[in-house]
Amino acid sequence: EKSVIIVGAGLSGFSAAAKLMEKGGYDITILEAEGQIGGRIKSISYQDGSIDMGAQWIHGEVDNIIYQTAKNFGFGKTNFDTIDQTFVRSDGAALDQNLLNKLSKMIYEIVEHSDSEMRSYNGPFGNFVWEKFLKELNEDEILVNTDPKLIELFKNHIERELIGHHASNSWNDVSAVLNSNFADASGFQHWNWKKAGFFTYFNYITKNGGLNIKSKTQLNKKVTNIKYDLSSPTEKVIVRTADGKNYSAEHVIFTGSLGVLKKFHSILFIPNLPQDKITAIEKNAFGAIAKVFLHFEQPFWPNEDFISYSFLWNDAQRDEAKANGREWLFGVAAFFIVDQYPNLLEGFIGGEKVKDFENTNDEKLIDDIMWFFEKFLGKTIPKPTIAGRTKWLTNENFLGTYTYLSMEAEKAKVGPDDLEKSLYNSDDKPVILFAGEATDFNYPSFAHGAITSGNRAADVLIKYYDSLN
Ligand SMILES: Cc1cc2nc3c(=O)[nH]c(=O)nc-3n(C[C@H](O)[C@H](O)[C@H](O)COP(=O)(O)OP(=O)(O)OC[C@H]3O[C@@H](n4cnc5c(N)ncnc54)[C@H](O)[C@@H]3O)c2cc1C
């Protein structure tokens, strides 16, 4: 049997393991730093089901491996909608909802249908979107008269929202050109697993446990270094874990996040990785978003048609929040309802404020949230309990949430393919392989990208051994 160590028990690691186990002839060991499998798929229990701390939606249908293969595993459409929102302002002032929803619609039309224009745009995504938006606004006989102050507040909101989608710190960190090259899988963008949670997909990968990948997995095994020798055709790779144990194998598939690679590559790999790989690690971008799920005994939001609150900040409340150490609230993109749970609101936080959010303790978090809603709604809301909150950025096994297509990567001419490249020994044998969402050629950042990256790493090994026969 050919020995393979897979570092990481997330979607990519499990997908690679499944493919190799189905092929047969591989001795697989999965080493996982956390105390559970799943990685950035983390469905925690809530009421009679679960909520997702990591991936939540299946984005797209055509060419989405999850949509295409796991239809029988019970996912369905959600009402999630980024356009039909309820806008509120920090001084509680009334807003023209129709107007603001029109502006949102214009922005999303631009974001979703400008690939060919973006491809030839020289500059960042944010500038592209805003320039095109202003041009369209000025060409519209009615919208051109919109109060410029409102446009300014709307700009701040929409940037926060798009930062949340990309997990960047600014919409101008994102490359327009790269963004247009990596299209979303087409079709409906917000399928989810309802109460079962995204973890359901692990049942699909393991064929409902029939493929016993769990038995190959060792938890709480943080890999501290990976020693390899590409000059030798026979030398095995030695993988050391934090508890001082050594494991050896002919091949290692590394699936830790790009955040982990950025911080630890120079300690993890002995010898250091080749310079082109290091450049790809440094120049490709990895960002963070955060979520908080709030349970309310009584919903306080308006009615059945309500989908989300979006927030326009005035200077006075901004200053007040600053003075009271509530700056993380500036990162709140929106609070959404969760279809299947009538008492739940889900908040999304993006950009630089994610770190402050993660470092705020539960008690203060609730206090800040109540202040926030009181300002924006002009009334006191009932005290919520926290049903779940994320800390992906400060967790050393992730150090963020997902990749984005950055200006830095555009300038350095690097992409997921540079992260993916395997290291071969003198006999052309793939020794160190890389998988994980950031390495996927077509759908970096997405759960379906993570899966296809794991499959691809397994294919590299399968093809190599096929070629020997
Ligand atoms: C908040 C959030 C929301 C998201 N929303 C969506 C969504 O709605 N739809 C979507 O398609 N995608 C979404 N994603 C992205 C999706 O979750 C990821 O693309 C996917 O889960 C990544 O899988 P992976 O196998 O590449 O990495 P991971 O899941 O990170 O797996 C890697 C594993 O390696 C382990 N590891 C790291 N370092 C070491 C080490 N030194 N030793 C041993 N083990 C180590 C980690 O603990 C982890 O378990 C979201 C992600 C987050 C965090």
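This report concerns the structure included in the present document.

Reading the values: rules and limits
Residues numbered from 1 in each chain as written. Predicted model: local features only at pLDDT ≥ 70, side-chain atom pairs only at ≥ 80, totals over all residues. Heavy atoms only, no water. Pairing = 2+ DSSP bridges. Helix = DSSP H or I, 4+ residues; strand = E, 2+ residues; numbered from the N terminus. Contact = heavy atoms within 4.5 Å. Axes fitted to C-alpha atoms, helices over the stretch in contact; angles between N-to-C directions. Core = buried A, V, L, I, M, F, W, Y, C linked by side-chain atoms within 4.5 Å. Buried < 20%, exposed > 50% of the residue type's maximum accessible area, 1.4 Å probe, protein only. Near = heavy atom within 4 Å. Polar contact = N/O pair within 3.5 Å; in protein donor to acceptor, adjacent residues only side chain to side chain. Nonpolar A, V, L, I, M, F, W, Y, C, P; charged D, E, K, R; others polar.

1. Looking at the sheet that holds strand β12 (residues 251–254)
- As summarised here, the arrangement of the six strands in space is β8-β2-β1-β12-β22-β21, forming an open sheet in which the pairing is mixed. What marks the edges here is a single partner per strand, and that holds for β8 (217–218) and β21 (423–424).
- As defined by bridge partners, strand β1 (residues 2–7) adjoins β12 across four bridges and the pair is classed as parallel. Bridge pairing links V4 to H251 in β12.
- Relative to the sheet, helix α16 (residues 447–468) contacts β1, β2 (26–31), β12, β21 and β22 (430–434), its axis offset from that of β22 by approximately 160°.

2. Let's talk about the nonpolar core
- Membership of the largest hydrophobic core comes to 40 residues, with the highest contact counts inside it found for L11, L20, Y201 and I253.
- Within the residue set of this core, elements represented by two or more residues are β1, α1 (11–23), β2, α2 (65–69), α8 (200–205) and α16.
- The leading source of residues in this core is α16, at ten residues.

3. Observations concerning the site of the ligand
- Residues in contact with the ligand amount to 39 residues; listed here are only the nearest, S12, E32, R40, W57 and A447.
- Taking S445, its main chain carries an N or O atom lying 3.1 Å from an oxygen atom of the ligand.
- Separating an oxygen atom of the ligand from a backbone N or O atom of A447 is a distance of 2.8 Å.
- Across the shell around the ligand, the residue classes break down as 18 nonpolar, 14 polar and seven charged.

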